[in-house]
Amino acid sequence: YEDDGFIDRDGDNNDEEADVHPVFDEEGVQRDMEEVSRLNQIHAERRKMFAREDDDKRLPSMEDPKLFLVPVKTGKEKEILVSLLSRFYMRDKQAPQRRLQILSAFTTPGAKGYIYIEAWKEAHVTHALQGLRPGEIYGYKTAIVPMQEMVPAITIRQTIHKLRPKQWVRMKQGVHKGDLAQVIAVEDQGAKATVKVIPRIDFAAVASGEKRKRATVRPQAILFNKADSARVHLLDVRFVKK
C-alpha cells in the first residue's frame, strides 16, 4: 500500500490514525482488493482439489500465499499477535482501504523473537503492522520464508522424555530446584514419579514451630540425620529401623 500512496512516511509513526490519509488512489485500492479476492478464491479451490490427495501434493506451491517472518521484541510475541488480531477485527468493520489483507498470524515455541504472517504481498504485512506497538515490532527486517522452508518452520516437534526407575534427573521446581535426584518409581504411565533426593530441611523453622514461608535463602542440602530429625520432633525414632 505504500506504492499506492495512502501511507505518509513523513507523518508521525506513533499516531496510528495519522499515518493513514483519506487521500488515496481509489481505483488502485479497488484493483488490489479484487486481486486479493481472486487469489483467495483460487487458493480455496486448490485446497478443496487436494483435500483427498497425498500429503506431498498439499505442500506449498507458487500459487499459495507467502509466509513472512517478522522480528519482534523477545517475550512480546503473543501480546503482539493479540494486538494484531484485535486490529484485524476492528478494521474489518471500517472502509475497504483500512481493512487488513493478511490471512493468518502466529508464532511457535521455537521462534522466540519472531512472528509469522501469511499474506499475498509484503505490502499487506507492512500495512497490517503500521503503527502497531511501536518499539516492539521490527518490520523493516521482515523476510519472506523460502517455499522449501515453510513446512519445517511451522512444524512443532514435542520432545517427550520417558522416565524409568534408577534414572538420574534434575528437579525443576520447588526448594530442590536444580538438585540431582534418582527416580525410584514411575506411576500413571509416566505422569507421576517418586524420586530420591538429598533433603533441604530448615531445622530452625521446624523447631520454632513457625509456618513455612518462602525463604530468600534455601536450606542447605544435607544427608538425612536421624538425631537432628528426632531433636525437632520431625521424626519418632521408635519407628526408625536400626
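How each quantity is defined
- Residues numbered from 1 in each chain as written.
- Predicted model: local features only at pLDDT ≥ 70, side-chain atom pairs only at ≥ 80, totals over all residues.
- Heavy atoms only, no water.
- Phe/Tyr/Trp six-rings, centres within 6.5 Å; stacked < 30°, edge-to-face > 60°.
- Helix = DSSP H or I, 4+ residues; strand = E, 2+ residues; numbered from the N terminus.
- Buried < 20%, exposed > 50% of the residue type's maximum accessible area, 1.4 Å probe, protein only.
- Core = buried A, V, L, I, M, F, W, Y, C linked by side-chain atoms within 4.5 Å.
- Pairing = 2+ DSSP bridges.
- Contact = heavy atoms within 4.5 Å.
- Axes fitted to C-alpha atoms, helices over the stretch in contact; angles between N-to-C directions.

Draft legend 1. Summary view of the packing of aromatic side chains. According to the stated counting rule, one finds 2 aromatic pairs in the structure shown. Ring centres of Phe88 and Tyr89 lie 5.8 Å apart, and the angle between their planes is 85 degrees; this geometry places the pair in the edge-to-face category. Between Phe106 and Tyr116, the ring centres sit 5.3 Å apart and the planes meet at 20 degrees, which makes this aromatic pair stacked. On the criterion of sequence distance, the pair formed by Phe106 in strand E2 (residues 104-106) and Tyr116 in strand E3 (residues 114-119) is long-range, its members being 10 residues apart. For Phe106, a relative accessible area of 23% corresponds to the partly exposed category.

Draft legend 2. Structural detail: the nonpolar core. Ranked by internal contacts, the top residues of the largest apolar core, which has 16 residues, are Val70, Leu84, Ile117 and Leu129. Elements with a contribution of two residues or more to this core: strand E1 (66-71), helix H2 (77-91), E3 and helix H3 (122-129). By size, the runner-up hydrophobic cluster in this structure holds 5 residues, among which are Leu67, Tyr116, Val145 and Met150.

Draft legend 3. The arrangement of the pairing of E1 in detail. In this sheet, E3 lies alongside E1 in antiparallel orientation, the contact comprising 6 bridges. The partner of Val70 across the bridge, within E3, is Ile115. Across 2 bridges, E1 lies against strand E4 (residues 143-144) in antiparallel orientation. Considered in E4, the bridge of Phe68 is made with Ile144.

Draft legend 4. Fine view of the sheet that holds E2. Pairing is antiparallel across the open sheet formed by 4 strands, whose spatial order is E2-E3-E1-E4. The open sheet has two edge strands, E2 and E4, and neither has a second partner. Across the sheet, H2 is in contact with E2 and E3; its angle to E3 comes to roughly 30 degrees.

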